[in-house]
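Coordinate analysis (summary)
Here are the chains, one letter per residue:
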Amino acid sequence: MMFHTSPLTYEQWLRQSGLPRLEGRLLLQACCGLSHAQLISRGGEAVPAAQWADLNALAQRRRNGEPLAYLLGWREFYGRRFRVSPAVLIPRPETEHLLEAALERLPAGGRVWDLGTGSGALAVSAALERPDAAVRASDLSREALAVAQENAETLGARIEFACGSWFEAQPAAAGHFDILLSNPPYIEQGDPHLQQGDLRFEPAAALTDFGDGLAHIRTLAAGAVRHLKAGGWLMLEHGWNQGPAVRGILAENRFQDVATLPDLAGLDRITLGRLPD
Ligand code: GLN
């Protein structure tokens, strides 16, 4: 793609950026420090020379496929802006269903643990929606936990953080939690999606178990039994074709009322079950 070397107006830059208008606008706003309203009213002004090189470099990275969320440094989840970096999975709208399923089942003053919290999108949203709840968030990655902690601080959420693999993150008293939730790495090794779009730039260990896609789900279902209260819920996000397998894994671990909830596209997305009372 050819670029004008002479400065363009904001509006002209947007039209020749080779990006979808929304993406170009967000990069322009971030780089030039403009609100959407300012950009509209000043669209005929020239892009400042000081920002010209940075702006075109960002646009080039986006055209090369880098996720918009990493270039901006944020992504919205459940109506709030979360900081993201290449150390964390970019929060997805489908995951909002997992949050809602948890909010619906969380008793007053309940305890919830988000395992593999990444950016903290689930844990921070749960803590802010339900200030009465006690929320724990853990992750194997220290870099991810730092991002989650920053999000908790910026957004004003009170959360207990722990570092480690799944239930090893911090031994809790057995029967402690009302809800365990996780959006674990569930993509099967070799799935072509791993080579497409944003996924190429996200941490592989946040996306796949490097196996059949169900390894972490088995670990979570087996360990959950020791960490849930009687009647407590385990809720897991998974792939569109994993519903029957995940229901089977929960049933094998003696979970009851096992069910799969669809996402807005009608695809199997979340499976949940509760321990006997
Ligand atoms: N819990 C985070 C999310 O849902 C991160 C999940 C992950 O890294 N697999 O966005």
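Not measured: the values here are computed from a predicted model. (Residues numbered from 1 in each chain as written. Predicted model: local features only at pLDDT ≥ 70, side-chain atom pairs only at ≥ 80, totals over all residues. Heavy atoms only, no water.)

Here we look at the sheet that holds strand 6 (residues 177–182)
To keep things clear, this is the line we draw: Two strands pair under a simple rule: DSSP has to find at least two bridges between them. Runs of E in the DSSP output that reach at least two residues are strands. Runs of H or I that reach at least four are helices, and both are numbered from the N terminus. Axes, fitted as lines to C-alpha atoms, cover a helix only where it is in contact. Angles between the N-to-C directions of the axes lie from 0 to 180 degrees. The contact criterion used is simple: two residues touch if any of their non-hydrogen atoms lie within 4.5 Å.
Pairing within the open sheet is mixed, and its seven strands lie in the order 5-4-3-6-7-9-8. At either end of the open sheet lies a strand with only one pairing partner, and these are strand 5 (160–163) and strand 8 (256–262). Sheet twist, expressed as the average angle between the axes of neighbouring strands with direction ignored, equals 15 degrees. Pairing of strand 3 (residues 111–115) with strand 4 (residues 134–139) involves five bridges; the strand directions are parallel. From the neighbouring strand, Arg-111 faces strand 4, where its bridge partner is Ala-134. Contacts from helix 11 (residues 243–252) reach strand 7 (228–237), strand 8 and strand 9 (268–274), with the element oriented near 10 degrees to strand 9.

Focus on the packing of aromatic side chains
Any two aromatic rings considered together are summarised by their centre-to-centre distance and by the angle between their planes. Heads up, the rule is: Each pair of aromatic rings taken from Phe, Tyr and Trp, with Trp reduced to its six-membered ring, is defined by centres within 6.5 Å and is described as stacked if the planes are under 30 degrees apart, edge-to-face if over 60, and tilted in the remaining cases. When accessible area is computed with a 1.4 Å probe and restricted to protein chains, residues below 20% of their type maximum are described as buried, those above 50% as exposed, and intermediate ones as partly exposed. A ring is considered to have a charge above it if a Lys NZ or an Arg CZ atom is located within 6 Å of its centre and within 35 degrees of its normal.
Summed over the entire model, instances satisfying the criterion amount to three aromatic pairs. Between Phe-77 and Phe-82, the aromatic rings sit 6.2 Å apart at their centres with planes inclined by 80 degrees, giving edge-to-face as the arrangement. We note that Phe-77, like Phe-82, is buried. Ring geometry for Trp-113 and Phe-167: centres 5.6 Å apart, planes at 90 degrees, overall edge-to-face. Residue Trp-113 is located in strand 3, and its partner Phe-167 is located in the loop between strand 5 and strand 6; the two are separated by 54 residues in the primary sequence. For the pair shown, Trp-113 and Phe-167 are each scored as buried. Each residue in the set Trp-113, Phe-167 and Phe-177 is aromatic and connected to the rest through ring pairs, giving one cluster. Here Arg-105 stacks its cationic end above the ring of Trp-233, 5.1 Å away from the centre of that ring.

Focus on the site of the ligand
For the record, the criterion: For this purpose, a residue is taken to be near a molecule or strand whenever a single non-hydrogen atom of the residue falls within 4 Å of it. Here a polar contact is taken to be a pair of N or O atoms separated by no more than 3.5 Å, where protein atoms must pair a possible hydrogen donor with a possible acceptor and residues adjacent in sequence count only if both atoms sit in side chains. Every accessible area reported is derived by Shrake-Rupley at a probe size of 1.4 Å, with residue values counting cover from the shown protein chains alone. Throughout this entry, Asp, Glu, Lys and Arg are counted as charged residues, while Ala, Val, Leu, Ile, Met, Phe, Trp, Tyr, Cys and Pro are counted as nonpolar. The remaining residues, Gly among them, count as polar.
For the ligand, the full set of nearby residues is Leu-89, Pro-91, Thr-95, Gly-116, Thr-117, Gly-118, Leu-122, Asn-183 and Ala-206. Backbone polar atom of Ala-206 to a nitrogen atom of the ligand: 2.9 Å apart, as the coordinates give it. Taken by itself the ligand offers 300 Å² of open surface, and the protein chains cover 97% of this. For the shell around the ligand, the class distribution of residues is four nonpolar, five polar and no charged.

What to know about the UniProt feature "binding site: S-adenosyl-L-methionine" (unreviewed entry) in the protein chain
The following threshold applies: UniProt positions are given in the numbering used here, feature names are shortened, and annotations may be inferred rather than shown by experiment.
In the numbering adopted here, UniProt assigns the feature "binding site: S-adenosyl-L-methionine" (unreviewed entry) to Gly-116, Thr-117, Gly-118, Ser-119, Gly-120, Asp-139, Trp-166 and Asn-183. Summarising the element assignment, Ser-119 is placed in the loop between strand 3 and helix 7 (121–129). When residues no more than four places from it in sequence are discounted, the contact partners of Ser-119 are Phe-82, Arg-83, Val-84, Val-88, Leu-89, Pro-91, Val-147, Ala-148 and Asn-151. With respect to the helices and strands, Asp-139 occurs in strand 4. Those residues in contact with Asp-139 that lie beyond four places of it in its chain are Gly-116, Thr-117, Gly-118, Ala-144, Leu-145, Ala-162, Cys-163 and Gly-164. Of note is the side chain of Asp-139, whose polar atom sits 2.8 Å from the backbone nitrogen of Gly-118.

Some words on the pairing of strand 7
Here strand 7 lies mainly inside the structure; eight of its 10 residues are buried. Where strand 6 lies against strand 7, five bridges are found, and the strand directions are parallel. Across the sheet, residue Phe-177 finds its bridge partner in strand 7, namely Leu-228. Pairing of strand 7 with strand 9 involves five bridges; the strand directions are antiparallel.

Topic: the side chain of Asn-253
Structurally, Asn-253 is set in the loop between helix 11 and strand 8. A polar side-chain atom of Asn-253 sits 2.8 Å from the main-chain carbonyl oxygen of Ile-249. Each residue touching Asn-253, except ones within four places of it in the same chain, is listed here: Ala-221, Ala-222 and Val-225.

Notes on the pattern of salt bridges
Just so we agree on the cut-off: Between Lys or Arg on one side and Asp or Glu on the other, a salt bridge is scored when a side-chain nitrogen of the former is within 4 Å of a carboxyl oxygen of the latter.
A full pass over the atoms with the stated rule returns 16 salt bridges. Across the salt bridge formed by Arg-136 and Glu-160, the nearest N and O atoms sit 3.3 Å from each other. In this pair, Arg-136 sits in strand 4 while Glu-160 sits in strand 5, placing the two residues 24 residues apart along the sequence. A residue is classified by how much of its surface remains accessible, and Arg-136, at 5% relative accessible area, is buried. Between Asp-212 and Arg-218 there is a salt bridge; the shortest N-O distance is 2.7 Å. Looking at Arg-218, the relative accessible area reads 38%, which means it is partly exposed. Each of Glu-11, Arg-15 and Arg-21 takes part in salt bridges that share partners, so that together they form one network.

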